[in-house]
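# Observations on the three-dimensional arrangement
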Amino acid sequence: MEGGAGRNGEEREEERDGMSVHSPCKAPPSSASSLPKEQSQVELELRLLEALEIYPPVKLRGMHRHFVLYGLMEFLRRSFDRQFSPDEVLQLLDRFYNIEMLFQKPDDEEAEILNHEEDFSLPQSYFVKEE
């Protein structure tokens, strides 16, 4: 009988004032006032993705990271006519990328590979004169 009682509770939950919760006459559970907020959030994410075409997030790891972050902030400022803080931009980026991984320092093995230097020399064939 417990299953019947639970079902009866579901029926009461779905119907209030003779209308179904899913009725088109009733406002959706999230109020209509949140719709523009959701649309602006989508617009913000789209503009951020456009900015990432110009300022790739992989460059946030290098020595130009401050310039890239500033470029993203400026792109969003021009798009929305309001200021964005670096923290806001990083928070937006965190939705799409693992920011912690971007800012993580390379381990010893990666650092060795990145810092490996070789002497450059032209091949001998470059020095041979053609007659």
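Residues numbered from 1 in each chain as written. Predicted model: local features only at pLDDT ≥ 70, side-chain atom pairs only at ≥ 80, totals over all residues. Heavy atoms only, no water.

## A closer look at the environment of Ser 85
Of note, Ser 85 is situated in the loop between helix 3 (65-80) and helix 4 (86-96). We classify Ser 85 as partly exposed; its relative accessible area is 30%. Between the C-alpha atom of Ser 85 and that of Tyr 70, which follows or precedes it by 15 residues, the distance is 9.3 Å. (Helix = DSSP H or I, 4+ residues; strand = E, 2+ residues; numbered from the N terminus. Buried < 20%, exposed > 50% of the residue type's maximum accessible area, 1.4 Å probe, protein only.)

## With respect to a nonpolar patch on the surface
Judged by side-chain polarity, Val 42, Leu 46, Leu 49, Phe 96 and Tyr 97 come together as a nonpolar surface patch covering roughly 420 Å² of accessible area. Counting residues per element, the nonpolar patch draws most heavily on helix 2 (residues 34-54), which supplies three residues. Summarising the element assignment, Leu 49 is placed in helix 2. The exposure class assigned to Leu 49 is partly exposed, which follows from its relative accessible area of 37%. (Patch = residues over 30% accessible without salt bridge, like charges linked within 9 Å, V, L, I, M, F, W, Y side chains within 5 Å. Areas by Shrake-Rupley, 256 points an atom, 1.4 Å probe, with all protein chains shown as cover. Salt bridge = Lys/Arg side-chain N within 4 Å of Asp/Glu carboxyl O.)

## Things to note about helix 3
Compared with the 22 Å implied by 1.5 Å per residue over 16 residues, the 23 Å span of helix 3 between its first and last C-alpha is a close match. Buried within helix 3 are the following residues: Val 68, Leu 69, Gly 71, Leu 72, Met 73, Glu 74, Phe 75 and Leu 76. Where helix 3 ends, the next residue or the one after it, Asp 81, has phi of about 55 degrees, a positive value. (Expected span 1.5 Å × (residues − 1).)

## As for the packing of aromatic side chains
In the structure shown here, the tally under the stated rule is two aromatic pairs. For the pair Phe 80 and Phe 84, a centre-to-centre distance of 6.1 Å together with 65 degrees between the ring planes defines the contact as edge-to-face. Looking at Phe 80, the relative accessible area reads 27%, which means it is partly exposed. Measuring from centroid to centroid gives 5.7 Å for Tyr 126 and Phe 127, while their planes differ by 85 degrees, and the two rings are edge-to-face. Given the relative accessible area of 58%, Tyr 126 is considered exposed. (Phe/Tyr/Trp six-rings, centres within 6.5 Å; stacked < 30°, edge-to-face > 60°.)

## Considerations on the confidence of the model for the protein
A residue-level look at the protein finds 66% of positions with pLDDT of 70 or above and a mean pLDDT of 74. The spread of mean pLDDT over the elements of the protein runs between strand 2 (residues 19-20), the lowest at 43, and helix 3, the highest at 93. In the model, residues 9-35 has pLDDT below 50 throughout and makes nine contacts with residues more than four positions away in sequence or in other chains. (pLDDT = per-residue confidence, 0-100. Contact = heavy atoms within 4.5 Å.)

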